[in-house]
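Working through the structure, step by step
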Amino acid sequence: MQLGTRWAVGAEAPSKLPQVVVDAVAGVEAELLDVDTSQWRWTLTWLEGNPVVELDDGTVIRYTGGEAFVISATAE
């Protein structure tokens, strides 16, 4: 696994991400409009050459060469 970068919710995603992943990030953020995410960050890592993006709440977006899969955080 290779560490990528971190960025704030609402900030521009790294340009090296495939557009489908950027769209998935925007979709997750759109669902959080009523939540205070001012301190939340996305973390980008690379696993076997594919981006894995994780939000501080545990939501994960995985990319497998064509599709992005969102794995939502479980409610406690």
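This section reports on the structure supplied with the text. All figures in this text were calculated on a predicted structure; none of them were measured in a lab.

1. Observations concerning the overall build of the chain
- Within the chain one finds one helix and five strands.
- Its helices and strands taken in sequence order, the chain reads β-α-β-β-β-β from the N to the C terminus.
- Taking 11 Å as the expected radius of gyration for a compact globule of 76 residues, we find that the chain reaches 12 Å, a close match to that expectation.
- For the C-alpha atoms alone, the extent of the chain along its principal axes is close to 35 × 20 × 20 Å.
- Look at the contacts in the chain between residues 6 or more apart in sequence, and 46% of them connect residues 24 or more apart.
- If you sum the accessible surface of the chain, you get close to 4900 Å²; carbon and sulfur atoms cover 48% of it.
- Positive and negative charge centroids in the chain, built from 4 and 12 side chains respectively, lie 10 Å apart.

2. Description of the nonpolar core
- If you look at the biggest cluster of nonpolar residues, it comprises 16 residues, and the most contacted ones within it are Trp7, Leu17, Trp42, Val53 and Ile61.
- Elements with a contribution of two residues or more to this core: α1 (19-30), β2 (41-47), β3 (50-55) and β4 (60-63).
- Examining the composition of this core, we find that four residues originate from one element, α1, more than from any other.
- Trp7 has contacts with Glu12, Ala13, Pro14, Leu17, Val25, Arg41, Trp42, Leu44 and Val53, leaving out every residue within four places of it along the chain.

3. Here's the deal with the side chain of Thr59
- Mapped onto the elements, Thr59 comes out in the loop between β3 and β4.
- Residue classification places Thr59 among the buried positions, given a relative accessible area of 6%.
- Only 2.9 Å separates the side chain of Thr59 from the side chain of Asp57, close enough to count as a polar contact.
- Beyond its immediate stretch of four places on either side in the chain, Thr59 contacts Val28, Val53, Glu54, Val70, Ile71, Ser72 and Ala73.

4. Some remarks on unusual backbone geometry
- Unlike most non-glycine residues, Glu48 shows phi in positive territory, near 55°.
- By the element assignment, Glu48 lies in the loop between β2 and β3.

Cut-offs used in this document
- Residues numbered from 1 in each chain as written.
- Predicted model: local features only at pLDDT ≥ 70, side-chain atom pairs only at ≥ 80, totals over all residues.
- Heavy atoms only, no water.
- Helix = DSSP H or I, 4+ residues; strand = E, 2+ residues; numbered from the N terminus.
- Rg over C-alpha atoms; globule rule 2.2 N^0.38 Å.
- Contact = heavy atoms within 4.5 Å.
- Areas by Shrake-Rupley, 256 points an atom, 1.4 Å probe, with all protein chains shown as cover.
- Lys, Arg positive; Asp, Glu negative; His and termini not counted.
- Charge placed at Lys NZ, Arg CZ, Asp CG, Glu CD.
- Core = buried A, V, L, I, M, F, W, Y, C linked by side-chain atoms within 4.5 Å.
- Buried < 20%, exposed > 50% of the residue type's maximum accessible area, 1.4 Å probe, protein only.
- Polar contact = N/O pair within 3.5 Å; in protein donor to acceptor, adjacent residues only side chain to side chain.

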